[in-house]
There are 2 protein chains.
Amino acid sequence: MSAGVYSVEKMREILTGYMEAKKLRKTVERYTILECICRLQGHFDVETLRKHVVENHFSVSQAAVYNTIELLMDAGLVVRHQFFSQVVQYELKSAALTHHHAICHYCGGIREVKTEKVKIPADYKIPKFTPEYHSLYIYGMCSKCKFRERSQKKKNNE
Amino acid sequence: MSAGVYSVEKMREILTGYMEAKKLRKTVERYTILECICRLQGHFDVETLRKHVVENHFSVSQAAVYNTIELLMDAGLVVRHQFFSQVVQYELKSAALTHHHAICHYCGGIREVKTEKVKIPADYKIPKFTPEYHSLYIYGMCSKCKFRERSQKKKNNE
DNA sequence: TTTACTGCAAATATTTTGCAATATC
DNA sequence: GATATTGCAAAATATTTGCAGTAAA
């Protein structure tokens, strides 16, 4: 897992550009949260992110975290996932572009699958729709659960 | 939109087979809910489904609906989506297999895109993982929102 | 100075859970 | 008859909202 194609600096720049274009205010909270997301490396939920920010000696409210994530999604820096549980997960878009997600619906475990393994044509055309980003979720069973299932069947003499 | 590849009868059979294999009870609620899902044709959320069931003169509790959807997912008849809002949507798996989803993140509108348009190789291999089903979400901007955006820019002399 | 943004807390929305009643096996 | 499943309501979880205070422009 990596912070992705973009550096933290590049992402700050994109965020700044977006806020200036939309005439939004450049608050310390927004930049701090973006940096914390980069440091988190990978998927995160709102509560995890907020804890991480606070651990880095910066106090933010939950409301500001929700607000900022929304903003970062609008700016095209963050994408949203809902894999399995009720908790919504987020991820840096530049990182998400490098992989798909394999989700085991027995244990809820998530694996990243390099995009080269399952190539989706980037030039697909959809009438009356302008694609910007896509997300592929592959559901199935991980080897651990497969093993557990086999042991279970054996025990039951199936 | 169609009820999918399978007929209602076939799906009842699959459900029966699954419940017998797992030694679960064949309750009226479970069969009724499955039939209502088939009649709904397309995406639905828990509350919509429950209303539909009740409108068809059958009383079920919310708990039973949640329970049954979970069961139907385990039986491989229903898949889960979370497109945009906080509301989780479900769909018959056999219907979901025929299309991907194009999601406009400006208005939240969802379009179905025939799978032939964006073909995902069915034979992909993932180490230590057995794929069973996949879901492709294409995010972007629908033509209505594109038009609205253009009008807005024009008004602001951009 | 203006007002967008934050923090806080309360409100809403959604899902899960405990337990008694019921229906399946 | 044994117990899985349901219904009901309460609890838990997640997100949104209102409003006063703060800080960016």
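Structure: see above.
Residues numbered from 1 in each chain as written. Chains lettered and ligands numbered in written order. Predicted model: local features only at pLDDT ≥ 70, side-chain atom pairs only at ≥ 80, totals over all residues. Heavy atoms only, no water.

1. Thoughts on the relation of the copies chain A and chain B
Using the following cut-off: Least-squares fitting of one copy onto the other uses the C-alpha atoms of those residues that reach a pLDDT of at least 70 in both copies. Two residues form a contact once any of their heavy atoms are found within 4.5 Å.
Mapping chain A onto chain B calls for a screw motion: a turn of 180° about the axis and a shift of 0.0 Å along it, with 0.1 Å RMSD after fitting. What the superposition gives is, in effect, a two-fold axis relating one chain to the other. When C-alpha positions in chain A are compared against the rotation axis, the closest is assigned to L136 of chain A, at 2.2 Å. By residue overlap, the copies meet face to face through one surface: 100% of the interface positions of chain A are interface positions in chain B.

2. So, the pairing of strand β4 (residues 110-114) of chain A
Residues and elements named next belong to chain A. Stated precisely, the cut-off is as follows: A pair of strands is treated as paired once DSSP finds two or more bridges between them. Counting from the N terminus, the helices are DSSP H or I runs at least four residues long and the strands are E runs at least two residues long.
Pairing analysis gives 5 bridges linking strand β3 (residues 99-104) to β4, with the strands arranged antiparallel. Residue pairing for β4: H99 is matched across the bridge by K114. Between the end of β3 and the start of β4, which pair antiparallel, lie 5 residues, with G108 showing a positive phi angle near 80°.

3. A short note on the protein's contact with DNA strand C
Put simply, the rule is: We call a residue near a molecule or strand whenever a single non-hydrogen atom of that residue lies within 4 Å of it. Nitrogen and oxygen atoms within 3.5 Å of one another constitute a polar contact, given that in protein one can donate a hydrogen and the other can accept it, and given that sequence-neighbouring residues count only through two side-chain atoms. Three residue categories are used. Nonpolar comprises Ala, Val, Leu, Ile, Met, Phe, Trp, Tyr, Cys and Pro, charged comprises Asp, Glu, Lys and Arg, and polar comprises the others, including Gly.
Every one of the 19 residues lining DNA strand C counts as a neighbour, but S61 and N67 of chain A together with R25, Y66 and V87 of chain B are closest to it. The sugar-phosphate share of atoms of DNA strand C within 4 Å of the protein amounts to 75%. Here R25 of chain A contributes a side-chain N or O atom positioned 2.9 Å from a base nitrogen of DNA strand C. N67 of chain A has a polar side-chain atom sitting 2.4 Å from a phosphate oxygen of DNA strand C. Counting only elements with at least two residues in the surface near DNA strand C, the list comes to α2 (28-40) and α4 (62-74) of chain A together with α4 (62-74) of chain B. Take the surface near DNA strand C: its biggest share by element is 3 residues, from α4 of chain A. In terms of residue class, the surface near DNA strand C is built from 8 nonpolar, 6 polar and 5 charged.

4. A look at the protein's contact with DNA strand D
In the vicinity of DNA strand D, 19 residues are found, and the nearest of them are Y66 and V87 of chain A together with R25, S61 and N67 of chain B. Sugar and phosphate atoms form 72% of the subset of DNA strand D atoms that lie within 4 Å of the protein. Within the side chain of E29 of chain B, a nitrogen or oxygen atom sits 3.5 Å from a sugar or linking oxygen of DNA strand D. At 3.1 Å from a phosphate oxygen of DNA strand D is found a main-chain nitrogen or oxygen belonging to S59 of chain B. Secondary structure elements with two or more residues in the surface near DNA strand D: α4 of chain A together with α2 (28-40) and α4 of chain B. If you tally residues by element for the surface near DNA strand D, the top one is α4 of chain B, at 3 residues. Residue composition of the surface near DNA strand D, by class: 8 nonpolar, 6 polar and 5 charged.

5. Quick notes on α2 of chain A
All names here are of chain A. Defined as follows: For a helix, the expected span equals 1.5 Å multiplied by the residue count minus one. Working definition: with a 1.4 Å probe on protein chains only, accessible area under 20% of the residue-type maximum means buried, over 50% means exposed, and in between means partly exposed.
In a regular helix each residue adds 1.5 Å, so 13 residues correspond to 18 Å; α2 covers 18 Å between its end C-alpha atoms and thus fits that length. Listed in full, the buried residues belonging to α2 are R30, Y31, T32, I33, L34, C36, I37 and C38. The secondary structure elements touched by the buried residues of α2 are α1 (8-21), α3 (46-55), α4, β1 (78-81) and β2 (89-92). Downstream of α2 by a residue or two, Q41 has a phi angle that is positive, lying close to 55°.

6. Side note on unusual backbone geometry
In this model, Q41 of chain A sits at a positive phi of 55°, which is unusual for a non-glycine residue. Residue position: Q41 of chain A is located in the loop between α2 and α3. Unusually for a residue other than glycine, K128 of chain B sits at a positive phi of about 55°. By the element assignment, K128 of chain B lies in the loop between β4 (110-114) and β5 (129-142). Judged by relative accessible area, K128 of chain B falls into the exposed class, the value being 64%.

7. Examining the packing of aromatic side chains
The following threshold applies: Between the rings of Phe, Tyr and Trp (Trp by its six-membered ring), a pair exists once the centres lie within 6.5 Å; its type follows the angle of the planes, with under 30 degrees stacked, over 60 edge-to-face, and the other angles tilted.
Per the counting criterion, the structure on display carries 7 aromatic pairs over all chains. Aromatic side chains F83 of chain B and Y137 of chain B sit 5.7 Å apart centroid to centroid with 85° between the ring planes, which places their arrangement in the edge-to-face category. Remark: Y137 of chain B occurs in strand β5 and F83 of chain B occurs in the loop between β1 (78-81) and β2 (89-92); sequence separation between them is 54 residues. Each member of the pair F83 of chain B and Y137 of chain B is classed as buried. Among the aromatic residues, those joined into a cluster by ring pairs are F83 and Y137 of chain A together with F83 and Y137 of chain B.

8. Side note on the environment of R25 of chain B
All names here are of chain B. Along the chain, the position of R25 falls in the loop between α1 (8-21) and α2. Between the alpha carbons of R25 and S61 there is a distance of 17 Å; along the sequence they are 36 residues apart. If sequence neighbours within four positions are ignored, R25 has contacts with M19 and R30.

9. Re the interface of chain A and chain B
How we decide: Here the buried area means the combined drop in accessible surface, using a 1.4 Å probe, for two parts upon being joined, counting both sides. Think of a salt bridge as a Lys or Arg side-chain nitrogen and an Asp or Glu carboxyl oxygen that are within 4 Å of each other.
Taken together, the contact pairs 39 residues of chain A with 39 residues of chain B. Between chain A and chain B lies a buried interface of about 3,200 Å² when both sides are counted; carbon and sulfur atoms form 55% of it. Applying the counting criterion to the chain A and chain B interface returns 0 salt bridges. Between chain A and chain B we count 18 residue pairs in polar contact (both at pLDDT 80 or more) in total. Mapped by element, the contributors of at least two residues to the side of chain A that touches chain B are β3, β4, β5 (129-142) and α6 (143-155) of chain A. In terms of residues, the side of chain A that touches chain B owes the most to one element, β5 of chain A, which gives 14 residues. Pairing of β5 of chain A with β5 of chain B involves 13 bridges; the strand directions are antiparallel. Each residue of the ladder has a partner; that of C142 of chain A, found in β5 of chain B, is F129 of chain B.

Limitation: the analysis is restricted to geometry and does not speak to function.
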